[in-house]
Amino acid sequence: MDRISESKQDLVRNPSEFAETTVIRFQKRIARKLQLLALISILLLISAVVDISIGPGNFSLATIFEVLLDKAAHGVKLEVIIWDYRMPVAITAVIVGAMLGVAGALMQTLLNNPLAEPFTLGVSSAASFGAALAIVTGIGLVPNVGSFLVTLNAFFFALGTCVLLLGLMRYKHIGTQSIVLFGIAIFFAFNAMLAMMEYSASETQLQRIIFWMMGSLGRASWMQIGWGLALLVVVLPFCMSRTWRLTALRLGEESAMSMGVDISRLRVEILICISLLAATAVAFVGAIGFVGLVGPHIARLLVGEDQRYFIPLSALLGALMLSLTSIVSKTLTPGIIYPIGIITALIGVPVFLTIIIKHSKERGV
């Protein structure tokens, strides 16, 4: 209160100086946020390079850089190892992490709930069931797609779940908290149906289902990278063009409407973006939880609710988290590569519980 009183006195005494000081402070805050984005970008680049350098075969970092700059620098063997195996895994981790980070950030903003993300709202469970259905029965939503049956089934089941959530949001009498509860119900429903698929699966099929549920970068390919980059190039600028509307929405629906924001249209547009990001990410690497929860949560602590910085920082932190997870999965036990879904869960669960406790204290529960 004393600071506010002092600010009011300064404003009365010297309004021009007060305005100049306010502008300088604002510019410094913006500069700090931009520096933070640059720092996380550098850390992400370093993490991706380290990820590429780790794997079977002890190659020096200098050798890795030489092969990255010139494929044929150390023969065909190293070219295949670096460019066909390690690079797709490292780049896929970055792209999928960014997708999940943005999807989680948008979900939390749209539903005004810090616990909302594709995993907790049942999108990943729906994708896992779609994949299991294709593995066990060979039934797919898209016929005659050959080896893409499992991936496309997972994609369309995840997409269908997001569309269902979108349909519910269009009803005026259903609030955002009800949407979250409905998402949790979807999570348990698809997990139950997934358990039925596992019970009737053969030993080989069961291994494939479990491998999918745990999440893995082992299916990474340059084709997936191309599709993922194309999606991010389209969706991310679209979301950034709506940052002020999303920031206004965080002030409350009534405040946003008073500013001229068409909330219904904004929700449809953003949920379509969430659907594409979440469905594609899960179709690429399987069910990976908590990346869309942890990344946005840290971003909010660092830059607040200003969506101009919150969305890109969530993307960078999601990418960094999954890239570091990829490194840990290969170094935790020599000779064994752990599914990344296990590691993200170990990281995410404590953060999830922290958010719940903090949210309960704020509500006075």
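The text that follows walks through the structure, step by step, so that each part is easy to find. (Residues numbered from 1 in each chain as written. Predicted model: local features only at pLDDT ≥ 70, side-chain atom pairs only at ≥ 80, totals over all residues. Heavy atoms only, no water.)

Next up on the list: the overall build of the protein. Along the protein, the regular secondary structure elements total 15 helices and zero strands. Here the protein holds 365 residues, and 48% of them are scored as buried. Carbon and sulfur atoms provide 67% of the accessible area of the protein, an area that totals close to 18,500 Å². (Helix = DSSP H or I, 4+ residues; strand = E, 2+ residues; numbered from the N terminus. Buried < 20%, exposed > 50% of the residue type's maximum accessible area, 1.4 Å probe, protein only. Areas by Shrake-Rupley, 256 points an atom, 1.4 Å probe, with all protein chains shown as cover.)

Glancing now at the packing of aromatic side chains. Under the counting rule described, the total for this entry stands at six aromatic pairs. Three or more aromatic residues joined by ring pairs form one cluster here, namely Phe 129, Phe 157 and Phe 190. Note that Lys 71 overlies the ring of Trp 83, its terminal NZ or CZ placed 4.7 Å from the centroid. (Phe/Tyr/Trp six-rings, centres within 6.5 Å; stacked < 30°, edge-to-face > 60°. Lys NZ or Arg CZ within 6 Å of the ring centre and 35° of its normal.)

A word on a nonpolar patch on the surface. Residues Leu 39, Ile 42, Leu 43, Ile 46 and Val 50 make up a contiguous nonpolar surface patch of about 420 Å² in total accessible area. When you line up the elements, Leu 39 lands in helix H2 (residues 15-53). By relative accessible area, Leu 39 is classed as partly exposed at 47%. (Patch = residues over 30% accessible without salt bridge, like charges linked within 9 Å, V, L, I, M, F, W, Y side chains within 5 Å. Salt bridge = Lys/Arg side-chain N within 4 Å of Asp/Glu carboxyl O.)

Tracing the backbone shows Pro 350 in helix H15 (residues 340-363). The class for Pro 350 is partly exposed, based on a relative accessible area of 44%. Residues Pro 350 and Val 294, 56 residues apart in the sequence, show an inter-C-alpha distance of 9.9 Å.

Next up on the list: the environment of Ala 283. For Ala 283, the location among the structural elements is in helix H12 (residues 263-285). Taking the C-alpha atoms as reference points, Ala 283 and Leu 152, separated by 131 residues in sequence, lie 6.9 Å from one another.

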